[in-house]
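Structural description and commentary
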Amino acid sequence: MTTTARPTSRPSPRPARRAMTRVEVRAFIEQLAAANPEARSELNFVDDFTLLVSVVLSAQATDASVNRATVGLFADAPDPAAMVALGEEKVGAHIRSIGLWRTKARNVVALSQQLLDRFGGKVPHDRAALESLPGVGRKTANVVMNIAFGDSTMAVDTHIFRIGNRTGLAPGTTPRAVEEQLVKRIPAEMLRPAHHWLILHGRYVCKARRPECWRCPAFEPCQYRLKEDIRHEAPAAKA
Ligand code: SF4
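Residues numbered from 1 in each chain as written. Predicted model: local features only at pLDDT ≥ 70, side-chain atom pairs only at ≥ 80, totals over all residues.

The name that an unreviewed UniProt entry assigns to the chain is Endonuclease III, with the source organism given as Novacetimonas maltaceti. Checking UniProt for the chain, the heading Sequence similarities (unreviewed entry) contains the comment "Belongs to the Nth/MutY family." Turning to the chain, the UniProt record has this under Catalytic activity (unreviewed entry): "2'-deoxyribonucleotide-(2'-deoxyribose 5'-phosphate)-2'-deoxyribonucleotide-DNA = a 3'-end 2'-deoxyribonucleotide-(2,3-dehydro-2,3-deoxyribose 5'-phosphate)-DNA + a 5'-end 5'-phospho-2'-deoxyribonucleoside-DNA + H(+)". (UniProt positions renumbered as here; feature names shortened; annotations may be inferred.)

Let's shift gears to the UniProt feature "domain: HhH-GPD" (unreviewed entry) in the chain. Annotation from UniProt places "domain: HhH-GPD" (unreviewed entry) at residues 57-204. Along residues 57-204, the helical share is 71% and the strand share 0%, with 21 Å between the first and last C-alpha atoms. (Helix = DSSP H or I, 4+ residues; strand = E, 2+ residues; numbered from the N terminus.)

Turning our attention to the domain arrangement of the chain. The assigned domain composition of the chain is domain 1 (7-39 + 153-238) and domain 2 (48-149). The centre of domain 1, based on its C-alpha atoms, is set 29 Å off from the matching centre of domain 2. On the side of domain 2, 5 residues touch domain 1, which itself brings 7 residues to the contact. (Domains from an automatic or database assignment. Contact = placed C-beta atoms within 7 Å.)

Another point: the packing of helix α4 (residues 80-95) against helix α5 (residues 101-119). Between α4 and α5, the least distance of the axes is 8 Å, while the angle of their chain directions is 180 degrees. By the angle class used here, α4 and α5 are roughly antiparallel. Contacts from P80, A81, M83, V84, G87, E88, V91, G92 and I95 of α4 reach α5 at W101, R102, K104, A105, R106, V108, V109, S112, Q113, L115 and L116. (Axes fitted to C-alpha atoms, helices over the stretch in contact; angles between N-to-C directions. Parallel < 35°, antiparallel > 145°, perpendicular 65-115°, else oblique.)

Here we come to unusual backbone geometry. Backbone geometry at Q60 places phi at a positive 55 degrees, although glycine is not the residue there. Looking at where Q60 falls in the secondary structure, it is placed in the loop between α2 (48-57) and α3 (63-76). Positive phi, normally seen in glycine, also occurs at L100, with a value near 60 degrees. Turning to its location among the elements, L100 is positioned in the loop between α4 and α5.

Attention shifts here to α2. With 8 of 10 residues buried, α2 is to be regarded as a mostly interior element. By the burial criterion, the buried members of α2 are F49, T50, L52, V53, S54, V55, V56 and L57. Elements in contact with the buried residues of α2: α3, α4, α5 and α7 (138-149). (Buried ≥ 20, exposed ≤ 12 C-beta atoms within 10 Å, placed from the backbone.)

The subject of this paragraph is the nonpolar core. F28, V91, V108 and V144 are the most contacted members of the largest nonpolar core, which totals 56 residues. Looking at which element gives the most residues to this core, the answer is α2, with 6 residues. Counting residues domain by domain, this core receives three or more from each of domain 1 (7-39 + 153-238) and domain 2 (48-149). Ignoring anything within four residues of it in the chain, the contact list for V108 reads V53, V56, M83 and V91. (Core = buried A, V, L, I, M, F, W, Y, C linked by C-beta atoms within 7 Å.)

If you want it as structure tokens, here you go:
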């Protein structure tokens, strides 16, 4: 183990040397795609409704913890009517192991009721309608539109926000600013799957505390200031 301070222990306020060029953006996404061509959501769901509920539950929780909770929840409540019938208390009992479970239980029952009352029990393919549902914000709406309806949306979670700024892919001070940069800079035909490539890259390689630059498939186009230092530290990091 090294005793010197590691670069990643001192996050730079301007982590990227510069914004990537268009050519570099394309190369970055293509290299992530080549490394993980079948990238998909790690949440378990069987239809639009269970996707929506899973994404609502995943706020500030891991996908694995949500999947463990939804096995029983979706067995008891596979559709909006059953979720309303199950009620807040029993929904809460299923999801008690994940963060913010009381609020989430309330929201899941309330959004199910609204799907029945306003949308014929269907998940609407409409951003404003989605964002009007309890517990559904822009990020959740983007995920549902991307996965359920095939729209070229970009949901900016903590991983994508970090990657956008660290690598120069899409610098921005807010998730919305990063989203707008990504939509503008990523080639249109790559935008929809790029959501998954970027999330999985942030989750498993370009990690928050210590990006694993030594095994990064998109090392060359990345503009992170410390990538060379971290790559050279790799043997110590893996020891
Ligand atoms: S080289 Fe390092 S900082 Fe750049 S994308 Fe890869 S893991 Fe992230």
